[in-house]
Each structure stands twice: as C-alpha cells, then as structure tokens.
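Residue strings, one per chain:
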Amino acid sequence: MSQTSTPDLFTPLRLGAIELPNRVVMAPMTRSRAGEGNCPTALTAEYYAQRASAGLIITEATQVCDTAQGYPNTPGIHTDAQTLGWRKVAEAVHAAGGRIVTQLWHVGRISHPLFQPNGAAPLAPSAVTPKGELFTGQGMAPFPTPRALETDEIPVLVRNFADAAKRAVFDAGLDGVEIHAANGYLVDQFLRDRTNKRTDRYGGSVENRARFLLEILEATAHAVGADRIGVRLSPTGVFNDMGDSDPQNHFLSIAKALNPFGLAYLHVIEGRPGHHMAPPDGAPHVAAELRAVYKGPFILNGGYSRADADAALAKGQADAISFGEGFIANPDLPLRFQRDAALNEPDRASYYGGDAKGYTDYPALESVAA
Ligand SMILES: Cc1cc2nc3c(=O)[nH]c(=O)nc-3n(C[C@H](O)[C@H](O)[C@H](O)COP(=O)(O)O)c2cc1C
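Residues numbered from 1 in each chain as written. Predicted model: local features only at pLDDT ≥ 70, side-chain atom pairs only at ≥ 80, totals over all residues. Heavy atoms only, no water.

## Digging into the site of the ligand
For step 1, the next point in the chain: Neighbouring the ligand are 19 residues; Pro 28, Thr 30, Arg 232, Asn 301 and Gly 303 lie closest to it.
For step 2, the next point in the chain: Here an oxygen atom of the ligand and a backbone polar atom of Pro 28 are 2.7 Å apart.
For step 3, the next point in the chain: Between the ligand and Asn 183 there is a distance of 3.4 Å, counted from a nitrogen atom to a side-chain nitrogen or oxygen. (Near = heavy atom within 4 Å. Polar contact = N/O pair within 3.5 Å; in protein donor to acceptor, adjacent residues only side chain to side chain.)

## As for helix 8 (residues 306–314)
For step 1, the next point in the chain: Turning to helix 8, its buried residues number three or more, namely Ala 309, Asp 310, Ala 312 and Leu 313. For helix 8, the angular spread of buried residues about the axis comes to 160°, placing them on one side.
For step 2, the next point in the chain: Its buried side turned inward, helix 8 meets strand 14 (320–323).
For step 3, the next point in the chain: Directly beyond the C-terminal end of helix 8, a positive phi value near 75° is found at Gly 316. (Buried < 20%, exposed > 50% of the residue type's maximum accessible area, 1.4 Å probe, protein only. Helix = DSSP H or I, 4+ residues; strand = E, 2+ residues; numbered from the N terminus. Arc of directions from axis to C-beta. Contact = heavy atoms within 4.5 Å.)

## Side note on helix 1 (residues 42–50)
For step 1, the next point in the chain: Considered for burial, the residues of helix 1 that qualify are Thr 44, Ala 45, Tyr 47 and Tyr 48. Buried residues of helix 1, viewed axially, fall in a sector of 160°; they line one side.
For step 2, the next point in the chain: Buried residues belonging to helix 1 abut strand 3 (24–26), strand 4 (56–63), helix 2 (80–95) and strand 5 (100–105).
For step 3, the next point in the chain: Residue Thr 41 occupies the N-cap position of helix 1, its side-chain oxygen lying 3.1 Å from the main-chain nitrogen of Leu 43.

## A few points about the packing of helix 1 against helix 2
For step 1, the next point in the chain: Taken N-terminus to C-terminus, the directions of helix 1 and helix 2 make an angle of 30°; their axes are 8 Å apart at the nearest point. Relative to helix 2, the element helix 1 is oriented roughly parallel. Read as a crossing pair, helix 1 and helix 2 show a hand that is right-handed. Along its contact with helix 1, which presents Thr 44, Ala 45, Tyr 48 and Ala 49, the element helix 2 presents Trp 86, Lys 88, Val 89, Ala 92 and Val 93.
For step 2, the next point in the chain: Tallied by class, the residues present in the contact of helix 1 with helix 2 amount to seven nonpolar, one polar and one charged. (Axes fitted to C-alpha atoms, helices over the stretch in contact; angles between N-to-C directions. Parallel < 35°, antiparallel > 145°, perpendicular 65-115°, else oblique. Left-handed = near helix turned anticlockwise from the far one by under 90°. Nonpolar A, V, L, I, M, F, W, Y, C, P; charged D, E, K, R; others polar.)

## A few points about the environment of Asn 330
For step 1, the next point in the chain: Residue position: Asn 330 is located in the loop between helix 9 (325–329) and helix 10 (333–339).
For step 2, the next point in the chain: Along the backbone, Asn 330 and Arg 51 are 279 residues apart, and their C-alpha atoms lie at a distance of 8.2 Å.
For step 3, the next point in the chain: Sequence-distant contacts of Asn 330, defined by excluding residues within four places in its chain, comprise Arg 336, Leu 343 and Asn 344.
For step 4, the next point in the chain: Of note is the side chain of Asn 330, whose polar atom sits 3.0 Å from the backbone oxygen of Gly 326.

## Concerning the UniProt feature "domain: NADH:flavin oxidoreductase/NADH oxidase N-terminal" (unreviewed entry) in the chain
For step 1, the next point in the chain: Annotation from UniProt places "domain: NADH:flavin oxidoreductase/NADH oxidase N-terminal" (unreviewed entry) at residues 8–342.
For step 2, the next point in the chain: A distance of 19 Å separates the end C-alpha atoms of residues 8–342, which is 32% helix and 17% strand. (UniProt positions renumbered as here; feature names shortened; annotations may be inferred.)

## Points about the sheet that holds strand 13 (residues 298–301)
For step 1, the next point in the chain: Pairing is parallel around the closed barrel formed by eight strands, whose spatial order is 3-4-5-10-11-12-13-14. Strand-to-strand twist in this sheet, taken as the mean axis angle between neighbours without regard to direction, amounts to 25°.
For step 2, the next point in the chain: As defined by bridge partners, strand 11 (residues 229–233) adjoins strand 12 (residues 265–269) across four bridges and the pair is classed as parallel. Counterpart to Gly 230 in the pairing with strand 12 is Tyr 265.
For step 3, the next point in the chain: In the packing of helix 5 (residues 206–224) onto the sheet, the strands contacted are strand 10 (176–181) and strand 11, and the crossing angle to strand 11 comes to about 160°.
For step 4, the next point in the chain: Taken strand by strand, helix 6 (residues 247–258) contacts strand 11 and strand 12, and its axis lies near 180° from that of strand 11. (Pairing = 2+ DSSP bridges.)

This is the structure:
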C-alpha cells in the first residue's frame, strides 16, 4: 500500500513505537471481572487474546494506586500480583499476534469510601460532589463529597502513574499505556472547570488545570518513552456530571500543549450524531479542531460504523477509529468488517461483572460458518 493512497481501516499505521496492521482499534472498556486483589485472571487473558486481530487493544481502565478505584472488580497495576496477571494477558495477546496497551486511571471523585483505604473520602481536585449515584457492589448509593487534594499530594499521584507505566511496560510486557484523561475521572476533573476550583498552581487558568496531565506525561515519558504513551480526552462529554465553560478553547490549548511530547497518539471521544456520547444540543463539536492543531496520530471514537470509519479516515478526520461495543460482541470485528459480515448484537446486561457469559462466549465468524 503506498503512503499516498487514501487510507481505510485496513491500511497499516504506526503509533509511536507500535506498528498496527490495521486501524480498527479496540476502545477501552471496563468489564468488572477482575479476580482476588483486583488481579486480571485467565479469563481476562482469554477475552483479550480473542480480540488480538484489533490493530491495537486498549484495555479496560486500570488503577494506578489504592485510592484509584470506584467500581467493583476493576483491575489494578500497582501490586506484584496484579502486574503478574497483566503479564499473562500480554503474553496471551502477543501469542495470538496482537498488540495491547493498558489504560491507566484514577477515578478521583467517582468513588465511595467502600473502595477507599480506611473508608476515607474519595480524592478530587476540589470538594465538588457529583450529582447522581454510583454502584458500590452492594446497590446504588449517592456520591459522597470528595476531599480536595493538598498541593503536595499531587506529585505523589503523578509518581503513581509513572510507576504503573513502568510496571505495565517493563514488568508486564504490555506495549504501552493510555492515560485516561476523559469521562470525568481524576485527570479530567483537573482539566475541566466545573470540577476544578483550585487556587494553587493546579487550578484557575487552563495552563494550570492541564498541569496535572502534563506532569503525568513528563513522568511517564521519562519512565517508558513517549512513543509508548497515548492520551484519551472527552472535551464535550457530560458523563459523570462533567462540563466546562469553554471546551473549544480550553481543549485546543490542551491539545497544543501535548504536541511537544511526541506521544504515540491522542484518542478523542466525540460521539457521532445521535450517539449517547455526542456533544449535547447546542454545544460545540471540537474533534475536528483538535485534529487540526494536534500534530501526532489521532484516534476518534463514539458510535462509528465501518462505513463512518472509512469515511472519516478518507477525509483525514482521524488516523484510526476505536470501537467499543462492536468489540464486546465481535471478537473478530476486523475480519467481519473486511468480509462485510453481519455483526453479533451485544448483550448489555452482561457488560459489567459476572463470568464468561457475555465476555468470552461471543462466536467468531469461523465458528458460525463451520
Ligand atoms: C461496557 C463499557 C465500558 C467502558 N469502559 C470504559 C473505560 O474503562 N475507559 C474508557 O475510557 N471508556 C470506557 N467506555 C467507553 C468506550 O471506550 C467508548 O468510548 C464508547 O463505548 C463509545 O464507543 P462505541 O460507540 O464504539 O462503543 C466503556 C464503554 C462501555 C460500553
């Protein structure tokens, strides 16, 4: 394939240090099936290995430290046992011919004392309580008011991200990490002004609000190399009671500030029209402007079909497209796209928690045809 021909989903792509045979990326998806000690299990390895034909697998969000959890049975990568679990996942995916990075998160205020060491309040940039309720594993509960981080606690969290990245790449053998700076979790809580009311160097101006993310990138890049790091942003997302007074200008500044790092990629969520992650009515669409200012590889996400994705790639709106729900139900999504085959429908009731049902039991095309 020549460099100048119009790319489609099956044009190979390099994301920093990672070579992708296609541009059908698996979006990160929490499945709440981690085992004892929040460790990935043999079933986790089987699930990801089944999806190894993705150009790149981005794993479910994974805790960087013991204050980072906000949902039951989500995996971590801050203990040796968790890291060993990820090592087995990486080995299984690599043996199946795939590439896999893990998404690193801290949930910040989207948590509950039940998930926190010593039953403490969840941590956040500011003591702003999210509207709504969260699932604790023992039913629904109102979000508690988080505790605003002290300025000198923030570098410790930065270190947690860098240590987790080191574990991911050097100990577990994963191909890289994605910093979860989207969907209303801790990094996004710093980025957006609805949740960041700080008056120190981490709050106020957009430069200050971006400081936590940029410090994480500096530290993780120093630890594992920028060419193994991606960043995920959701500038207009409202999930987890999020919002910002000027997403367009603020996120343009943030995207520009990412340029000097030379990251593997920037991954932006902006749902297509009608998708639940589309910008709310009247709100600006910002993905195209971010694409214009961001100089590195760009992944788009949010309700794409195969045809939408090919059109977006042909128009240069992105270098790759990530698919979430499509990959839950179709372990061989790239092959189905290639053959124009029918897609399995996902079963929403088995998205979170449980066992192999709705996780590793979706049929691949070959087994259906046989
Ligand atoms: C079950 C489920 C779990 C998800 N968990 C995560 C997650 O851990 N991290 C993240 O950044 N996005 C998460 N998302 C959002 C997806 O990555 C993606 O943005 C969303 O599904 C839209 O893409 P799609 O229309 O191709 O499914 C999740 C989505 C689903 C359906």
